[in-house]
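# Analysis of the macromolecular model
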Amino acid sequence: MSTILWLFVTVAAYELGRWLRKRTHSPLAQPAAVAIVIVGALMTVSGTSYDDYADATALITFLLGPATVALAIPLYHQVARLKGLLVPVLVALTAGAVVSMVSGILLVRWLGGSEVLERTMATKSVTAPVTIALAERLGGYPELSACFAIVIGIVGAMIAPRVLDLLGIRDRRARGIAVGAVSHGIGTARMLEESPVEGAFSGLAMGLTAVVTCLLLPLVAYVLH
Amino acid sequence: MIVGLLWLLGCQLAGTAIAELTGIPVPGPVVGMLLLFIVLVVRRRDGESDPVIQVGDYFLSHLQLFFVPAGVGVIVYLAFIRDAVAPIVVALLGSWLLGLATVGWVLSLFLRRLSESAGTEGAPGEEIE
């Protein structure tokens, strides 16, 4: 009974989030964020433990795996755009991933955060399913890293275009790649509204960043020591 | 539908097996993503009717649903977050901004060089006003 109840509640809360996004067009109305708030509130009210909830919704969580595999499809559709740009894009994404992860770790350290927070912060720029897997591997809190990823995606969707203007980055390809590198799918959805070029490059950067970040994991482990 | 699902699960299975056997630090589903990418490139079938692309696109359109249960886990960490608000907020925003600027500037630099050496200044750049 509780399995089907929480499965239903989770999917219904997500659907409500989708409805809200359609109605408001606000970057704050992310279906995942809306669903997390609703389900979290219901669990607190009903006194359900997270372990019970996680057991009940294991079916949904399992689908993260095949969905991660499916990220190859947009990558395949957009890869032709990389013609002649592969090396610059890979260099930029690698530099960005190193700066983003190392600065995340060091900022936490300087401000007196715990080591487990450093490990949770490190991979938050990557799309949530990959963040969860990587945080597990690094010894951070996977659930918290997923929330960091959602939050940073929303931040990107809200302010990235303006910040890029301030930074003087005007080339549409560079804008798309930069947002996809640090704000994954939620940022990509926003860049698709700016222009198809920015959206396509953002999606491309999201997929490539996931791969680059995985390969950089030994370096991150070294910084964390 | 089932054929597409089989491809996705098959790539995840192969990816997980490769990751476990070789001990590389890459999660199995990410290796599976690379495998599926290779499969798509080799097959060169682009049609919307392709079962893998149909099922995969549907999965991706609801990607956010799949990480809701993990995200709900944040309620376990509310006290942890409250105790570390400053490092969390500063590190999140600071590393985001530094990452964004690094990628944007490095790539802009490359693109400017490329368009200069090609002698087509601004043409492929599609710059906005």
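Residues numbered from 1 in each chain as written. Chains lettered and ligands numbered in written order. Predicted model: local features only at pLDDT ≥ 70, side-chain atom pairs only at ≥ 80, totals over all residues.

## What to know about the overall build of chain B
Just so we agree on the cut-off: Strands here are runs of E lasting at least two residues and helices are runs of H or I lasting at least four, both read from the DSSP assignment and numbered beginning at the N terminus. To sort residues by exposure, count the other C-beta atoms lying within 10 Å of each residue's C-beta; 20 or more gives buried, 12 or fewer gives exposed, and values between give partly exposed, all with C-beta atoms placed from the backbone. Each residue gets a C-beta atom placed from its backbone, and two residues are in contact if those atoms lie within 7 Å.
Scanning chain B for helices and strands turns up seven helices and zero strands. Along chain B, helices and strands appear, N-terminal first, in the series α-α-α-α-α-α-α. Counting the 129 residues in chain B, one finds 40% classified as buried. Partitioning the intrachain contacts of chain B with sequence separation of at least 6 by distance along the chain shows that 41% fall at a separation of at least 24.

## Here we look at the overall build of chain A
As a reminder, the rule being used: With the radius of gyration taken over C-alpha atoms, the globule rule is written as 2.2 Å times the number of residues to the power 0.38.
Scanning chain A for helices and strands turns up 13 helices and zero strands. Along chain A, from the amino end to the carboxyl end, the secondary structure elements read α-α-α-α-α-α-α-α-α-α-α-α-α. Taking 225 residues into account, the globule formula puts the C-alpha radius of gyration at 17 Å, and chain A, at 18 Å, falls close to it. For chain A, contacts bridging at least 24 residues in sequence account for 59% of all contacts bridging at least 6.

## Focus: the UniProt feature "transmembrane region" (unreviewed entry) in chain B
All names here are of chain B. As a reminder of what qualifies: UniProt positions are given in the numbering used here, feature names are shortened, and annotations may be inferred rather than shown by experiment.
The positions that UniProt labels "transmembrane region" (unreviewed entry) are, in the present scheme, residues 29-46, 58-80 and 86-111. As annotated, residues 58-80 has a helix share of 70% and a strand share of 0%, and its two end C-alpha atoms lie 36 Å apart. Note that residues 86-111 is 100% helix and 0% strand, and that its end C-alpha atoms are spaced 37 Å apart.

## Things to note about helix H2 (residues 28-43) of chain B
Applied cut-off: Given a helix with a known number of residues, its expected span is that number minus one, times 1.5 Å.
Over its 16 residues, H2 of chain B extends 22 Å from the first C-alpha to the last, a length consistent with the 22 Å expected when each residue adds 1.5 Å. Listing the buried residues of H2 of chain B in full gives Gly28, Pro29, Val30, Val31, Gly32, Met33, Leu34, Leu35, Leu36, Phe37 and Leu40 of chain B. Here the buried face of H2 of chain B lies against helix H5 (64-70), helix H6 (72-78), helix H9 (128-138) and helix H12 (196-215) of chain A together with helix H1 (2-22) of chain B. In the segment just after H2 of chain B, Arg44 of chain B is the residue with positive phi, at about 55°.

## Considerations on the nonpolar core
Note the cut-off: As used here, a nonpolar core is made of buried Ala, Val, Leu, Ile, Met, Phe, Trp, Tyr and Cys residues. They are joined through C-beta atoms within 7 Å.
Core analysis: the largest hydrophobic core is formed by 106 residues, its most contacted members being Ala72, Ile177 and Ala178 of chain A. The element that contributes the greatest number of residues to this core is helix H10 (residues 142-166) of chain A, accounting for 13 residues. Once you skip the residues sitting within four places of it in the chain, Ala72 of chain A turns out to touch Met33, Leu36, Phe37 and Leu40 of chain B.

## Considerations on the packing of H9 of chain A against H10 of chain A
Residues and elements named next belong to chain A. Defined as follows: Every axis in this analysis is a line fitted to C-alpha atoms, fitted for helices over the stretch in contact. Angles between the N-to-C directions lie between 0 and 180 degrees. A clockwise turn of the near helix away from the far one marks a right-handed crossing, whereas an anticlockwise turn of less than a right angle marks a left-handed crossing. Any residue outside Ala, Val, Leu, Ile, Met, Phe, Trp, Tyr, Cys, Pro, Asp, Glu, Lys and Arg is labelled polar, Gly included; the first ten of those are nonpolar and the last four are charged.
H10 packs onto H9 with a crossing angle of 145° between their chain directions and a minimal axis gap of 8 Å. Relative to H10, H9 is oriented so that their crossing is right-handed. In this structure, H9 contributes Ala128, Thr131, Ile132, Ala135 and Glu136 to the contact, and H10 contributes Pro142, Ser145, Ala146, Ala149 and Ile150. Here the residues of the contact of H9 with H10 sort into seven nonpolar, two polar and one charged.

## Focus on the UniProt feature "transmembrane region" (unreviewed entry) in chain A
UniProt's feature table lists "transmembrane region" (unreviewed entry) at residues 28-50, 56-76, 85-111, 143-164 and 204-224 of chain A, given in the numbering used throughout. In residues 143-164 of chain A, helix accounts for 100% and strand for 0%; the two terminal C-alpha atoms are 30 Å from one another.

## Notes on the interface of chain A and chain B
If you look at the interface, chain A gives 92 residues, while chain B gives 64 residues. Tallied by class, the residues present in the side of chain A that touches chain B amount to 67 nonpolar, 17 polar and eight charged.

## Digging into unusual backbone geometry
Residue and element names in this part refer to chain A. Positive phi, normally seen in glycine, also occurs at His25, with a value near 55°. Within the secondary structure, His25 is located in the loop between helix H1 (2-24) and helix H2 (31-46). Here His25 falls in the exposed class, since 9 other C-beta atoms lie within 10 Å of it. If you check the backbone angles, His184 has positive phi at about 35° while not being a glycine.

## A few points about the domain arrangement of chain A
Often the size quoted for an interface is simply the accessible area lost on bringing the parts together. All names here are of chain A. Quick reminder of the rule: All domain edges in this entry derive from an automatic or database-based domain assignment.
In terms of domain boundaries, chain A breaks down into domain 1 (2-62) and domain 2 (72-224). Computed over C-alpha atoms, the centres of domain 1 and domain 2 are 25 Å apart. Across the side of domain 1 that touches domain 2, the residue classes break down as four nonpolar, one polar and no charged.

## Observations concerning the confidence of the model for chain A
Spelled out, the test is: How sure the predictor is of each residue is captured by pLDDT, a score from 0 to 100.
Here chain A shows a mean pLDDT of 92. Residues at 70 or above account for 100%. Per-element confidence in chain A is highest for helix H7 (residues 86-110) of chain A, whose mean pLDDT is 96, and lowest for helix H13 (residues 217-224) of chain A, whose mean pLDDT is 86.

## Some points on H1 of chain B
Counted only if it meets this: Throughout, the arc means that of the directions going from the helix axis to the C-beta atoms.
With 21 residues, H1 of chain B ought to run about 30 Å at 1.5 Å a step, and its terminal C-alpha atoms sit 30 Å apart, in line with that. All of the buried residues along H1 of chain B are Gly4, Trp7, Leu8, Cys11, Gln12 and Gly15 of chain B. Buried positions in H1 of chain B, seen along its axis, are confined to an arc of 125° and lie on one side of it. Among the exposed residues of H1 of chain B, those oriented more than 90 degrees off its buried face are Ile2, Val3, Glu20 and Leu21 of chain B. Of the surrounding secondary structure, the elements contacted by the buried residues of H1 of chain B are H5 of chain A together with H2 and helix H3 (51-61) of chain B. Note on H1 of chain B: the residue one or two positions beyond its end, Gly23 of chain B, has a positive phi of about 70°.

## Some thoughts on the packing of H1 of chain B against H2 of chain B
All names here are of chain B. Rule in force here: These descriptions rest on fixed angle ranges, namely under 35 degrees for roughly parallel, over 145 for roughly antiparallel, 65 to 115 for roughly perpendicular, and the rest for oblique.
For the pair H1 and H2, interaxial distance at closest approach is 7 Å and the crossing angle is 120°. Viewed along their axes, H1 and H2 adopt a mutual orientation that is oblique. Between H1 and H2 lies a crossing of right-handed hand. Across from Trp7, Cys11, Gln12, Ala14, Gly15, Thr16, Ile18 and Ala19 in H1, the residues of H2 making contact are Gly28, Pro29, Val31, Gly32, Leu35 and Leu36.

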